[in-house]
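Listed below, chain by chain, are the residues.
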Amino acid sequence: MDNNESLAPAVESILAAARDRPAPGGAVSVSPRDLPGALDAAAADGRTPLVAEVKPTSPTTRGENEDDPVALARAMVDGGAAALSVLTEPEHFGGSPETLRRVREAVDVPVLRKDFLLSPEQLDAVEADAVLLIVRFLDDLPGMLAAARERGFQALVEVHSRAELREALDAGARIVGVNNRDLARLSVDLDTFERVAADAPDDVTLIAESGISTPEDARRMRAAGADGLLVGTAIMRGGLAAVPENVRRLASAEDTADEDDYDT
Ligand SMILES: O=C(O)c1ccccc1NCC(=O)[C@H](O)[C@H](O)COP(=O)(O)O
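Here is what the cut-offs are and how they apply
Residues numbered from 1 in each chain as written. Predicted model: local features only at pLDDT ≥ 70, side-chain atom pairs only at ≥ 80, totals over all residues. Heavy atoms only, no water. Pairing = 2+ DSSP bridges. Helix = DSSP H or I, 4+ residues; strand = E, 2+ residues; numbered from the N terminus. Axes fitted to C-alpha atoms, helices over the stretch in contact; angles between N-to-C directions. Contact = heavy atoms within 4.5 Å. 1 Å grid on protein atoms, 1.4 Å probe; cavity = no way out; pocket = protein on both sides within 12 Å on 5 of 7 lines; lining within 4 Å. Points joined across faces, edges and corners; volume = space filled by probe spheres on them. Near = heavy atom within 4 Å. Polar contact = N/O pair within 3.5 Å; in protein donor to acceptor, adjacent residues only side chain to side chain. Areas by Shrake-Rupley, 256 points an atom, 1.4 Å probe, with all protein chains shown as cover. Sits in = over half its atoms within 2 Å of the grid points. Nonpolar A, V, L, I, M, F, W, Y, C, P; charged D, E, K, R; others polar.

Asks: Any chance you could explain the sheet that holds strand β8 (residues 228-231) here in plain terms?
Replies: Backbone hydrogen bonds are what pair the strands of a sheet, in a parallel or an antiparallel way. Read around the closed barrel, eight strands run β1-β2-β3-β4-β5-β6-β7-β8, paired in parallel fashion. Each strand of the sheet is rotated relative to its neighbour by a mean of 25 degrees, with strand direction disregarded. The pairing of strand β6 (residues 175-179) with strand β7 (residues 205-209) spans five bridges and is classified as parallel. By the bridge assignment for β7, Val178 is matched with Ala208. Most of the contacts of helix α2 (residues 35-44) go to β7, to which it runs at about 80 degrees, and overall it touches β1 (50-54), β2 (83-87), β4 (130-134), β5 (154-159), β6, β7 and β8.

Asks: Help me understand the layout of surface pockets in this model?
Replies: One number sums up the size of the largest pocket: a volume of about 460 Å³. The set of elements that each furnish at least two residues to the lining of the largest pocket consists of α1 (9-20), β4, β8 and α10 (233-236). Roughly 180 Å³ of volume is contained in the second largest pocket. Taken together, 14 residues form the lining of the second largest pocket, with Lys55, Thr61, Thr233, Met236 and Arg237 sitting closest to its centre.

Asks: Sorry, what's going on with the site of the ligand here?
Replies: Not every one of the 21 residues close to the ligand is listed here, only the nearest: Glu53, Lys55, Thr60, Lys114 and Thr233. With respect to the ligand, the side chain of Arg181 contributes an N or O atom lying 2.9 Å from an oxygen atom. Backbone polar atom of Gly211 to an oxygen atom of the ligand: 2.9 Å apart, as the coordinates give it. Relative to its unbound accessible surface of 510 Å², the ligand loses 97% to contact with the protein. Under a 2 Å grid-point criterion requiring more than half of the atoms, the pocket assigned to the ligand is the largest pocket. Elements with a contribution of two residues or more to the shell around the ligand: α1 and β8. Partitioning the shell around the ligand into residue classes produces nine nonpolar, seven polar and five charged.

What follows is the structure, given as structure tokens:
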């Protein structure tokens with residue numbers, strides 16, 4: 001793990017909780033649904049390839065969404081999401097492995113486990129189609145990548161800079177997420193994806209993460225090379241009743257380029 005001295009206090013707290021979390025016994029074995037395939041299929045179908053996130057709360061969100069995560073997940077898929085992301089971090093994001101298990105059972109799209117995983121044993125908390133590995137937090141990225149693949153998971157390897165992208169590619173990452181959220185300040189800047197994506201090879205699946213709010217943002221990330229967009233806050237806004245339309249609006253971004261965008 002490098003550069004942790006400059007992390008935001010909320011992120012330090014997330015990491016401390018992750019270190020303390022008990023590791024379950026026994027390795028899982030997963031037959032994953034194809035995440036890159038699902039993104040490509042959505043794009044071929046004319047939809048913006050969205051990974052919609054079930055995100056009850058976060059350090060930068062006010063309050064907590066109390067809707068049933070399974071109902072939220074179904075609404076996201078009905079709205080056109082190609083895949084889902086489910087937070088399993090309990091203390092700062094209101095998630096749990098059990099929530100992910102229920103969601104994955106209820107939908108047929110790939111489901112990403114969104115958490116702050118620090119050791120191979122923590123991979124075993126629940127089956128998912130993909131797991132998030134954050135370069136900045138891992139001392140042994142090649143080891144975690146191997147441990148994830150041994151269990152059958154696809155790995156979304158998250159970076160925030162060109163140096164981290166190089167590290168991810170050297171470790172053999174095939175799906176790379178560029179997080180527009182700076183974990184040192186928790187500020188969001190879509191320029192981050194544009195800057196980092198320029199260095200990524202074409203044969204890697206690239207996902208733009210965080211801060212995507214409007215159809216214009218979605219088109220901007222797609223134009224910069226995103227094969228998929230991971231969106232939480234803008235989709236959760238307004239709760240269950242608003243979720244299908246929130247997803248539809250982003251999923252149809254490429255069809256509505258000529259229409260006026262309005263702020264969410
Ligand atoms: O979302 C936060 O407040 C946050 C704070 C500290 C560390 C990570 C955080 N978010 C994790 C994520 O990766 C996002 O949930 C995901 O990319 C979706 O972002 P957004 O669409 O901006 O909700």
